[in-house]
Amino acid sequence: MKTTALIVAAGRGTRAGGDLPKQWRTVAGQRVADHTIAAFATHPGIDDVLLVIHPDDEARVPAGIPHVHGGATRAASVRAGLEALAGTGIDRVLIHDVARPCVSRRLISAVLAALDTHTGAAPGLMLSDALWVAAPAHDSDGNGGTIIRDVRDRRALVRAQTPQGFHFDAILAAHRAHTGDDAAADDAEIARTAGIDVLITQGEEDNLKITTPADFTRAERILRGQMDIRLGNGYDVHRFGPGDRITLCGVDIPHDRGLLGHSDADVGMHAITDALYGALADGDIGRHFPPSEPRWKGADSRVFLEHACARVRHRGYRISNIDCTLVCEVPRIGPYAGAMQQALAGIMGISAGQISIKATTSERLGFTGREEGIAALATAALIRP
Ligand code: MG
């Protein structure tokens, strides 16, 4: 069973304000089209995405996303997409407006599930507001305005949304047979004209179509609410040994002993690095830099931290904040905390204000209390918009 999402992005709509067509404007950290593509590309029930664009937007298409040029109307653009898919062996297609970037995984799943039993399915929302038919006022004083001429029974009316899903051969045939008004509202209408029953699945208020400037504000709020936040923790211990200095969170501190370890034994930086790997569910320092490999002997721990930060960026996250606690009786950490924040900020590419360095003793209890070593705990918070 092969399912393709056909995302219609050929419009020139600038009613939402700005000079750019709305699908290429930024909302919640990414362009509208990027949000919409991601919603389908990351859905487990979707195999491929095909974007239908205006020829002028060729340079705006994200790298690696298959695309075709649309036509003068929405129906012509959908037809172009369907024709491009003809003969590629796909079974089902979901046709979606690019201007609905807040589409949820649940809503997509519901349309897909409905296609197991129906040839067509599309999300709809029952109306809760009363419906009026408006007409220009015929005010003898010439005051103008609009008045209510009639009311409609809303109970049988449903607001149409996308994605609208179909068995591929059926919707392709329906579009090829479509000779009506090219401004036809949507694919469900074209399908219905061809005699296809379209099951209505549950739509969502948040699946709005961005049309006005106010819609951008609302979409921003919804997409920020869908933001992915991940937390990780890290814990590390190193034993004191002979030496005259220790390295903690990237800062050299003169001391009457050193810390033992395969690398430079920067226990604080190790805990922070493991917190980042932990947030990504991506193992730990030992997995990425095995102590069995001699090349990491005496290594500067910034190599580990830089590696973890690169993995964070590669996965599309950014670091929101780091909190690290060093547990030791000696040395005193307070005088160095500011320098540690600066050193870590430089390595991680974030600001010092996003990094907290705290210290505590363990009241002379346990191995840290007996000054046998230093322990460090760290928490990392990652955000992907
Ligand atoms: Mg360590």
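Residues numbered from 1 in each chain as written. Predicted model: local features only at pLDDT ≥ 70, side-chain atom pairs only at ≥ 80, totals over all residues. Heavy atoms only, no water.

Draft legend 1. Region of the structure containing the overall build of the protein chain. Counting its secondary structure elements, the protein chain contains eleven helices and 19 strands. Over its C-alpha atoms the protein chain spans a radius of gyration of 29 Å, topping by over 25% the 21 Å that the globule rule assigns to 385 residues. Seen through its principal axes, the protein chain has C-alpha atoms that stretch 95 × 60 × 40 Å. Going through the 385 residues of the protein chain one by one, you find that 46% of them count as buried. In the protein chain, 70% of the contacts between residues at least 6 apart in sequence involve partners at least 24 apart. Treating the 41 positive side-chain charges of the protein chain as one cloud and the 46 negative ones as another, the clouds have centres 1 Å apart. (Helix = DSSP H or I, 4+ residues; strand = E, 2+ residues; numbered from the N terminus. Rg over C-alpha atoms; globule rule 2.2 N^0.38 Å. Buried < 20%, exposed > 50% of the residue type's maximum accessible area, 1.4 Å probe, protein only. Contact = heavy atoms within 4.5 Å. Lys, Arg positive; Asp, Glu negative; His and termini not counted. Charge placed at Lys NZ, Arg CZ, Asp CG, Glu CD.)

Draft legend 2. Structural detail: the packing of aromatic side chains. All told, the structure shown has three aromatic pairs when counted by the stated rule. Measuring from ring centre to ring centre gives 4.8 Å for F289 and W296, while their planes differ by 85°; the resulting arrangement is edge-to-face. In this structure, F289 and W296 share a single accessibility class: buried. Between W296 and F304, the aromatic rings sit 6.5 Å apart at their centres with planes inclined by 75°, giving edge-to-face as the arrangement. Like W296, the residue F304 is buried in the burial classification. (Phe/Tyr/Trp six-rings, centres within 6.5 Å; stacked < 30°, edge-to-face > 60°.)

Draft legend 3. Spotlight on the coordination of the magnesium ion. Donor atoms from the polypeptide that coordinate the magnesium ion comprise D236 (OD), H238 (NE2) and H270 (ND1), at 2.1 to 2.3 Å from the metal. Mapped onto the polypeptide sequence, the residues donating to the magnesium ion form the spacing pattern D-x1-H-x31-H. For the residue pair D236 and H238, the accessibility class agrees, reading buried in each case. (Donors = N, O, S within 2.8 Å, 3.2 Å for Na, K, Ca; no water.)

Draft legend 4. Up close: the pattern of salt bridges. Applying the stated criterion across every chain yields a total of 26 salt bridges. Note that D150 and R152 form a salt bridge whose closest N and O atoms lie 3.2 Å from each other. Its relative accessible area of 36% is what places D150 among the partly exposed residues. Its relative accessible area of 47% is what places R152 among the partly exposed residues. The partner of R159 in a salt bridge is E205, and the shortest N-O contact between them spans 3.2 Å. (Salt bridge = Lys/Arg side-chain N within 4 Å of Asp/Glu carboxyl O.)

Draft legend 5. Quick look at the pairing of strand 17 (residues 318–327). Both strand 17 and strand 19 (residues 373–384) contribute to a ladder of nine bridges, which runs antiparallel. If you follow I322 over to strand 19, its bridge partner there is A380. Pairing of strand 17 with strand 18 (residues 355–360) involves six bridges; the strand directions are parallel. Paired with C324 across the two strands is I357, which belongs to strand 18. Regarding topology, helix 10 (residues 337–348) serves as the crossover connection from strand 17 to the parallel strand 18, and that connection is right-handed. (Pairing = 2+ DSSP bridges. Right-handed = clockwise from strand over helix to strand, strands pointing away.)

Draft legend 6. Highlighting the packing of helix 7 (residues 267–279) against helix 10. Two numbers describe how helix 7 lies on helix 10: the axes approach to 12 Å, and their chain directions differ by 40°. When the axis of helix 7 is compared with that of helix 10, the two are oblique. Crossing of helix 7 over helix 10 shows right-handed handedness. Contact residues: helix 7 offers M269, I272 and L276, while helix 10 offers L344, I347 and M348. Partitioned by chemical class, the residues of the contact of helix 7 with helix 10 number six nonpolar, no polar and no charged. (Axes fitted to C-alpha atoms, helices over the stretch in contact; angles between N-to-C directions. Parallel < 35°, antiparallel > 145°, perpendicular 65-115°, else oblique. Left-handed = near helix turned anticlockwise from the far one by under 90°. Nonpolar A, V, L, I, M, F, W, Y, C, P; charged D, E, K, R; others polar.)

Draft legend 7. Geometry of the domain arrangement of the protein chain. For the protein chain, the assigned domains are domain 1 (3–126 + 156–226) and domain 2 (228–384). Spacing between the C-alpha centres of domain 1 and domain 2 amounts to 47 Å. (Domains from an automatic or database assignment.)

Draft legend 8. Spatial organisation of the nonpolar core. Ranked by size, the top nonpolar core spans 48 residues in total, and within it L248, L276, M348 and I357 carry the most contacts. The biggest single contributor to this core is helix 7, with eight residues. With residues up to four places along the chain from it excluded, the contact list for L276 reads L305, A308, C309, V312, I319, I322, M348, A380 and L382. Counting residues in hydrophobic clusters, the runner-up holds 24 residues, among them I53, L112, A114 and L115. (Core = buried A, V, L, I, M, F, W, Y, C linked by side-chain atoms within 4.5 Å.)

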